[in-house]
Amino acid sequence: MSPSASRATLAKDPREVAGMFDAVARRYDLSNDVMSLFQVHMWRAVTRAAVAPAPGMRILDLAAGTGTSSAEYAAAGADVVACDFSTGMVAEGRRRHPRISFVAGDATALPFADESFDVVTISYGLRNVQDTRTALREMHRVTRPGGRLVIAEFSTPTSRPFRAVYRYYLGTALPAAARLISSNTAAYDYLGESILAWPDQQSLAALMQHTGWRGVGYKNLSGGIVAIHRATKPQRPSPSASTPA
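Since this is a predicted model, take the numbers as computed values, not measurements. Each chain carries its own residue numbering, running from 1 in the written order of its sequence. In keeping with the model being predicted, local features are shown solely for residues with a pLDDT of at least 70 and side-chain atom pairs are shown and tallied solely at 80 or more, while totals for entire chains, interfaces and linings include all residues. Side-chain numbers here rest on the full set of heavy atoms in the structure, without hydrogens or water.

Engineer: Before we move on, can you summarise the overall build of the chain with the specific residues and values?
Structural biologist: Going along the chain from the N terminus, every DSSP run of H or I of four or more residues is numbered as a helix, and every run of E of two or more is numbered as a strand. Looking only at helices and strands, the chain has nine helices and seven strands in total. Among the 245 residues that make up the chain, the fraction classed as buried is 47%. Of the roughly 11300 Å² of accessible surface on the chain, a fraction of 56% belongs to carbon and sulfur atoms. Note on classification: 1.4 Å probe, protein chains only; a residue is buried when its accessible area is under 20% of the maximum for its type, exposed when over 50%, partly exposed between these limits. In short, Shrake-Rupley with a 1.4 Å probe defines the accessible areas, and a residue's cover is counted only from the protein chains shown.

Engineer: Residues and numbers for the packing of aromatic side chains, please.
Structural biologist: For Phe, Tyr and Trp, where Trp contributes only its six-membered ring, two rings pair if their centres lie within 6.5 Å, and the inter-plane angle classes them as stacked under 30 degrees, edge-to-face over 60, or tilted in between. By the definition in use, this model includes five aromatic pairs. Ring geometry for W43 against F154: centres 5.8 Å apart, planes inclined by 90 degrees, an arrangement best described as edge-to-face. Here W43 is found in helix α3 (residues 40-51), whereas its partner F154 is found in strand β5 (residues 143-154), with 111 residues between them in sequence. Like F154, W43 is buried. Taking 5.3 Å as the distance between ring centres and 90 degrees as the angle between the ring planes, the aromatic pair formed by F112 and F117 counts as edge-to-face. Summarising the burial analysis for this pair, F112 and F117 share the class buried. Put simply, the rings of W43, Y124 and F154 pair up and form one aromatic cluster.

Engineer: I'd like a description of unusual backbone geometry, backed by residues and values.
Structural biologist: Trans peptide bonds make up most of the peptide bonds, and negative phi angles are found at most residues other than glycine. Positioned with a positive phi, A63 is a non-glycine residue whose angle comes to about 50 degrees. Structurally, A63 can be placed in the loop between β1 (58-62) and α4 (68-75). Backbone geometry places S222, a non-glycine residue, at a positive phi of 50 degrees. When you line up the elements, S222 lands in the loop between β6 (214-221) and β7 (226-232).

Engineer: Before we move on, can you summarise the pairing of strand β4 (residues 117-123) with the specific residues and values?
Structural biologist: The buried count for β4 comes to seven of seven residues, which makes it a mostly enclosed element. Pairing geometry for β1 and β4, over four bridges, is parallel. Within β4, the position partnered with I59 by the bridge is V119. Only when DSSP finds a minimum of two bridges between them are two strands counted as paired. Examined bridge by bridge, β4 and β5 share six bridges and lie parallel to one another. Among the inter-strand pairings, I122 is bridged to a residue of β5, identified as I151. Chirality of the crossover, the property in question, places the unit of β4, helix α6 (residues 132-142) and β5 among those that are right-handed. When the strands point away from the viewer, a crossover counts as right-handed if the path from the first strand over the helix to the second runs clockwise.

Engineer: Lay out the side chain of Q201 in plain terms, naming residues and giving numbers.
Structural biologist: Relative to the elements of secondary structure, Q201 occurs in helix α9 (residues 201-210). Separated by 3.0 Å, the side chains of Q201 and S155 make a polar contact. Note on contacts: a residue pair qualifies if any of its non-hydrogen atoms lie within 4.5 Å across the two residues. Apart from the residues within four sequence positions on either side, Q201 is in contact with S155, T156, T158, Y218, N220, G224, A227 and H229. N or O atoms closer than or at 3.5 Å make up a polar contact, with two conditions inside protein: a donor-capable atom paired with an acceptor-capable one, and, for residues adjacent in sequence, both atoms drawn from side chains.

Engineer: Could you give an account of the pattern of salt bridges, naming the residues involved and the relevant values?
Structural biologist: Here a salt bridge means any side-chain nitrogen of Lys or Arg lying within 4 Å of a carboxyl oxygen belonging to Asp or Glu. A complete count under the given rule lists nine salt bridges for this structure. We note a salt bridge from R236 to E115, for which the minimum N-O separation is 2.4 Å. Of the two residues, R236 sits in the segment after β7 while E115 sits in the loop between β3 (101-104) and β4, which places them 121 residues apart along the sequence. A relative accessible area of 33% means that E115 is categorised as partly exposed.

Keep in mind that these numbers describe shape and distance, not what the molecule does.
Next up, the structure:
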């Protein structure tokens, strides 16, 4: 994918985005550590606490990448399905974690039955999906009533001065650092641009509410660089609660 201004928009070609992730799959986790100044470990721990994996729980880990978070959920006894639309990531995940079920799939057309999972989670992948609204509805479809959604995504720093510094980092420092550790600098140009183009915390919360999720809330991490959004799929009304004819 050649560098272009179009990468900064949310009108993404899924094949191009998947191709970028295919190309960086083997060094993806190392790059994440360096580019986040190793804060990704703290972000992952907070996300894991929000997911609260437990024995017997069925979890869908979307945009699972190489399965780093999926492996942690499985270690807690949960039944985990790791799903990613990059076949390169899926292949690398299967190589690293052969006991975890990896599935290649698009978040806008999930290859799972209705109400299949207790928790659906997606980390740093929702902004890469072509149609966010459709993806949120698909996540709602495959979650059981009373089940939960946990989204970890880059967001908007709450402090205006810090926001300016962060924009400089994404637009200048991040691409420069990428040239030192990765041969695919276009992927990291896209990373910064996609973060800047992504809706803020309140806008994402409103979109979740509009797609059927309830109890929507979020927690800022690292001053709002990342936000963890949580929501619940409503329970079905009890038959006894209906008004007699």
